[in-house]
Each structure stands twice: as structure tokens, then as C-alpha cells.
Amino acid sequence: MGCLYCFLGFLLLAARLPLDAAKRVHDVLSNERPSGYMREHRQLNGWSSDENDWNEKLYPVWKRGDSRWKNSWKGGRVQALLTSDAPALVGSTITFAVNLVFPRCQQEGASGNIVYEKNFRNDTGPSPDPHVYNWTAWTEDGDWGNGTRQGHHGKPFPHPRKWNFVFVFHTLGQYFQKLGQCSVRVSINTANVALGPQIMEVTVYRRYRRAYVPIAKVKDVYVVTDQIPVFVTMSQKNNRNSSDETFLKDLPITFDVLIHDPSHFLNESAIYYKWNFGDNTGLFVSNNHTLNHTYVLNGTFSLNLTVQATVPGPCPSPSPRPPKTTTSLDSPVPAGDNALEPSEIPDKNCHINRYGYFKATITIVEGILEVNIIQVTDILMPVPQPDNPLVDFVVNCQGSIPTEVCTVISDPTCQVTQNTVCDPVNMDLGDMCLLTVRRAFGGSGTYCMNLTLGDDASLALTSTLVSIPGRDPDSLLRMANGTLVFFVGCMAIFVTVIALLVYKKHKEYKPIENSTGIVVRGKGLNVFPNCAKMLFPGNQEEDPLLKNEPGIL
């Protein structure tokens with residue numbers, strides 16, 4: 001009897017061997033799969049369990065490092081790029097995209113065939129056949145019979161002419177196959193996906209006569225979360241660099257909330273934004289994703305934002321109400337005292353609140369708040385210079401004192417730049433920001449001039465249109481004649497004074513110590529330096545009239 005039991009056990013073991021030897025989907029598609037993985041996740045709509053058998057004859061399995069990978073594609077290896085729009089809020093839809101990158105000089109044609117690029121030359125010259133893989137010819141030859149083949153787990157699998165690749169997606173103990181060309185997209189709803197990081201793996205097969213050949217494998221991590229993915233952009237006028245989270249005092253900062261929701265899951269949701277700017281101004285609640293706030297003190301502040309949205313969610317399980325205690329066991333229970341009344345059955349369309357959070361530490365400093373051009377003056381030169389007229393711009397600003405000034409002179413439309421000049425502000429302006437900027441223009445006409453004042457934290461801008469009038473030849477001749485008359489007049493006065501001195505010297509002799517001619521000569525000589533000063537303008541910084549003028553840059 002004992003021998004009989006041993007024999008029966010041997011038969012059962014032999015009958016089980018083919019089942020154990022058959023490959024399962026998870027054996028082929030994943031190298032990292034913990035035991036009981038499928039039981040941790042609910043079924044994805046349209047996906048199959050990876051406990052199914054794998055048809056290795058139709059879909060060969062090659063391990064990493066197998067030498068057959070080198071010959072899986074003509075001309076080199078194919079790369080698969082896998083991306084997703086994660087992170088995804090639980091309940092929303094996440095989309096995965098796979099794009100194939102072919103070897104050099106290969107591309108997918110309009111018919112779906114893989115062809116060489118134009119002017120392609122290999123080591124032996126131009127290729128006589130433009131096709132790398134001519135799927136169309138294979139189909140016309142009847143290699144696919146009636147257009148269907150048995151799938152890897154026994155289901156009919158259609159093969160339209162243009163779908164030359166099979167993409168097998170695998171995640172959460174389930175798989176999904178998709179036919180396509182060099183680029184495909186697959187979307188799944190995350191309502192049944194566990195929270196946290198998950199792995200999506202994709203294996204790509206190409207057509208080869210009546211079977212398929214693996215050409216690429218790729219995997220990527222995606223994240224499902226119960227918190228709304230929130231990002232905030234911060235911008236401010238005159239702020240030199242918003243990316244360092246340093247902003248200016250007394251100027252509004254624009255906060256713009258961006259919610260990552262590529263599947264538009266929250267489109268119908270009521271969304272509220274709760275702001276705490278960390279400057280003791282209180283809590284601000286708004287249903288607008290954009291808000292302005294002004295800090296009036298320097299320092300470091302903690303910004304906190306909470307986003308609340310009402311979204312569809314699972315309904316809570318009803319809790320049965322205990323029946324009322326009656327005095328008689330024979331008395332019927334009133335209809336209103338049933339364990340669960342129809343009116344209390346929860347609606348299938350339940351809603352829950354989801355939240356998102358954003359925190360940042362921002363620094364507030366002094367900066368240039370505003371800049372204005374308050375006066376524009378043409379500079380009149382003693383010698384005509386019509387080709388490079390000079391213009392002075394008197395500029396004032398509010399806020400901190402600038403350290404540099406830059407001007408950009410362009411055409412009247414402010415589109416074509418003609419000249420850019422930057423100068424450091426080295427002069428001591430004191431507490432009042434007032435300075436003069438002198439710039440040369442290339443002849444008569446209308447110009448657009450942008451002027452900026454900057455320091456380490458800020459950059460303030462203003463602009464103006466400048467009109468340089470033209471000078472006709474008659475005006476230039478009158479200016480030249482006036483200069484000549486002025487010069488002749490000064491020389492006449494000079495000669496007269498010299499002649500008078502010589503006359504006095506020969507008419508009457510007086511000792512030097514008793515002479516009053518020194519006073520007269522002194523008065524006469526005062527005329528010459530003034531004329532010389534007007535004829536030969538030099539440094540006039542000592543002129544009392546300039547002591548109250550702003551410095552010139």
C-alpha cells in the first residue's frame with residue numbers, strides 16, 4: 001500500500017511539472033516582484049493579471065546581457081523612452097507615453113515602415129533598398145494569414161498593417177498590451193492604485209514574419225498621492241532675480257498658484273486658497289489662484305499656503321442603527337426604526353476634501369522702487385557738431401541709491417538697438433537720488449531710449465522718446481559768424497587795453513611803489529581771462545552756478 005501511495009504521488013508530481021515549467025507574465029515582464037504583490041492592489045480597468053501564462057514561442061524572452069539583443073534590430077539598438085505626467089492625485093488619470101528612438105539615419109515613414117533617411121550612405125555607399133523593415137510587404141505576402149494571431153495568453157490578437165510594434169505595460173501585478181507605431185500612450189485611473197511610488201515597466205516587440213522579436217525594455221517610477229500637487233510662482237516689478245526668493249520692500253509681490261492636474265480631474269471642483277504670509281497680517285482666503293501681497297518691513301518671512309478642493313471620493317460604509325427596544329416581543333417594529341432606511345442609504349456620488357500645501361522662506365530687502373526722467377536738455381556746443389548731438393537727462397528715483405545706470409538707444413519702435421552704454425554711479429548722491437545722464441545720439445531724428453537704474457537686488461526701468469532736430473546750413477553759418485564776431489570783439493578789446501597801457505607808460509613816468517597803474521592794469525587784465533574762458537571752455541566745476549546741479553554721467 002505504501003508503494004501505491006508513492007506511485008500516485010509520483011504521477012501527480014509529473015502531471016504538475018508542465019504547469020510549473022510554463023512561464024508566467026510576471027516572470028517575463030518583471031525582475032522585482034514581491035510575493036503577494038497582486039493582492040495588495042485592486043483590479044485596473046481593462047488590465048489582466050500577470051499570473052497568466054506567457055506564450056514564449058510567439059513572444060521570445062531574452063534576459064539582460066543575452067547576445068541576441070545585438071541582432072534584434074538592423075543597424076544598432078533601439079531605445080525606448082518612457083515618461084508620465086505624474087505625480088497624480090488619487091482618483092485622477094495618469095498617462096504614460098513611450099517613444100522609440102531608432103539608430104542613426106533611420107525613421108518611421110508615413111506608411112509605418114522603417115526607412116533610411118534621405119542621402120543615407122553606409123560603408124559601401126548608398127543603400128539600394130530604402131527600407132530597414134518593410135512591414136507592408138510582409139502583410140501583402142500573407143504572412144499573417146487572416147490578420148489575427150493567438151496572443152501570449154491565448155486571446156486573438158489583431159495585427160493591422162500600420163501597427164508594427166507591441167507594447168506590453170506592466171505595473172501593480174497587472175499588464176496591458178497595446179499595438180502601435182513608434183509612439184504610444186496609455187492612461188489608467190488611479191482610484192484603485194495604492195498611494196506612494198510605483199513602477200511601470202514596458203517591453204517592446206517588433207514584427208518578425210509570424211512572430212515578434214523583443215527590441216527594448218524600459219521602466220520608470222510614478223507617484224500617486226492624496227495631496228494636491230501645488231506649485232507657486234512669485235514675481236515682482238523691479239526685482240532683479242526672483243529665483244533667489246529675495247524681494248523688495250514696499251512693492252507688491254504676485255503669487256500665482258499652479259495645480260498639477262493634467263487630466264483635469266479638478267475642473268469641476270470648488271478650490272479655495274488659504275494664505276499666511278508670515279508678517280502678522282492674518283489669514284487670507286480666496287477662490288482666485290492669483291494674489292498680490294506687499295511686505296512693508298525688511299527681514300525673513302515664512303510663507304504658507306493651503307489649497308482645498310472638493311473631489312469625488314469613496315462613500316463611507318453605512319453603520320446600521322440598533323432597533324428600538326419594545327415592551328412586547330410580539331409588537332412589530334415600526335417602519336421608521338429599520339436598521340437602515342432607504343433615505344439613509346448613501347449616494348454613490350460622494351465627495352471628500354483633498355488638500356495641497358506649499359511653503360517657502362522669502363527675504364525682503366530695500367530696492368529701487370521707481371525711476372523717472374524729469375528733464376531733457378540739449379547741450380549747445382561752441383563748435384557745431386551736428387553728427388553727434390549731446391542730450392542731458394535729469395533722473396530721479398525712489399528707494400535705495402543705484403549703483404549703475406544703463407541706457408539703450410534704439411529706433412522709434414524700440415525694437416532695433418543702436419547703442420547700449422552702462423556706467424557705474426560712483427558719486428555720492430546722499431539721501432536724494434538725483435543725477436544727470438549725458439548721452440550722444442547719431443544725428444537728427446526720433447529715438448527710443450530705455451534707462452535703467454540698478455543695484456544688487458533691484459532693476460528699475462523707464463523709457464522716453466527723444467527727438468533730435470536737424471540743423472540747416474544757414475543756422476550753422478550764423479553760429480560760425482557769431483563765433484567769429486565774438487572772437488574779433490575780444491581781440492579788439494585786448495588790443496585797446498594794451499595800447500592804453502603803453503600810452504600811459506610813455507606819457508608820464510612814476511615810480512613803481514607810488515603808481516596806481518597796477519590797479520588799472522589789474523582791472524584791464526580781468527577782461528582777457530574771461531574772454532579766454534569763453535573761447536576755450538575747460539573744467540568749470542568751480543563755477544558757483546553748477547554747485548546745485550546733479551552730477552553728470
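Rules and cut-offs
Positions within a chain are numbered from 1, following the residues in the order the chain's sequence is written. Where local features are concerned, this predicted model is filtered to residues with pLDDT of at least 70; where side-chain atom pairs are given and counted, the filter is 80 or more; whole-chain, interface and lining totals use all residues. Where side-chain values are given, they derive from all heavy atoms of the structure, hydrogens and water being excluded. UniProt positions are given in the numbering used here, feature names are shortened, and annotations may be inferred rather than shown by experiment. Per the convention used, a helix needs a DSSP run of H or I reaching at least four residues, while a strand needs a run of E reaching at least two, with both numbered from the N terminus. For the exposure calls, accessible area comes from a 1.4 Å probe over protein chains only, and a residue counts as buried if that area is under 20% of its type's maximum, exposed if over 50%, partly exposed in between. Think of a nonpolar core as a cluster: buried Ala, Val, Leu, Ile, Met, Phe, Trp, Tyr and Cys residues, connected wherever their side-chain atoms sit within 4.5 Å. Residue contacts follow a heavy-atom distance rule, with two residues in contact if any of their heavy atoms lie within 4.5 Å. The term disulfide is used for any two cysteine sulfur atoms that are within 2.5 Å.

For the chain, the name recorded in an unreviewed UniProt entry is Transmembrane glycoprotein NMB, with Delphinapterus leucas as its organism. For the chain, the Function (unreviewed entry) comment in UniProt is given as "Could be a melanogenic enzyme." If you open the UniProt record of the chain and go to Sequence similarities (unreviewed entry), you find "Belongs to the PMEL/NMB family."

Engineer: I keep staring at unusual backbone geometry and nothing clicks. Help me out?
Structural biologist: One can expect most non-glycine residues to show negative phi and most peptide bonds to be in trans. A cis amide bond links Ala86 to the next residue, Pro87, at an omega of 5 degrees. As for its position among the elements, Pro87 is in the loop between strand 2 (79-84) and strand 3 (88-89). Phi is positive for Cys105, close to 70 degrees, though the residue is something other than glycine. For Cys105, a relative accessible area of 18% translates into the label buried.

Engineer: Explanation requested: the UniProt feature "domain: PKD" (unreviewed entry) in the chain in the structure shown.
Structural biologist: The feature "domain: PKD" (unreviewed entry), as annotated in UniProt, sits at residues 273-307 in this numbering. The distance from the first to the last C-alpha atom of residues 273-307 is 5 Å, and the span holds 0% helix and 63% strand.

Engineer: I tried to follow the nonpolar core on my own but got confused; where do I start?
Structural biologist: Proteins that are soluble and globular tend to have nonpolar side chains buried together. Trp73, Leu100, Phe165, Phe167, Phe169, Val202 and Val204 are the most contacted members of the largest nonpolar core, which has 33 residues in total. When contributions to this core are tallied by element, the ones reaching two or more residues are strand 2, strand 4 (93-101), strand 9 (131-133), strand 12 (165-171), strand 14 (183-189), strand 15 (196-208) and strand 16 (211-225). Examining the composition of this core, we find that 5 residues originate from one element, strand 16, more than from any other. When residues no more than four places from it in sequence are discounted, the contact partners of Phe169 are Trp47, Phe96, Val98, Gln174, Tyr175, Phe176, Lys178, Val184, Val186, Met200, Glu201 and Val202. By size, the runner-up hydrophobic cluster in this structure holds 27 residues, among which are Ile271, Phe277, Phe301 and Ala360.

Engineer: What's the story with the state of the cysteines in this structure? I'm lost.
Structural biologist: Cysteine pairs can be linked by a disulfide, which is a covalent bond between their two sulfur atoms. Within the structure shown, the criterion is met by 3 disulfides. Here Cys406 engages in a disulfide with Cys422; their sulfurs sit 2.0 Å apart. What sets the handedness of the Cys406 and Cys422 disulfide is the S-S torsion sign, and at about 120 degrees it is right-handed. With Cys406 in strand 27 (residues 404-410) and Cys422 in strand 28 (residues 417-424), the pair connects residues that are 16 residues apart, well separated along the chain. Owing to a relative accessible area of 47%, Cys422 belongs among the partly exposed residues under this scheme. The side chain of Cys414 participates in a disulfide bridge whose partner is Cys448; the two sulfur atoms lie 2.0 Å from each other.

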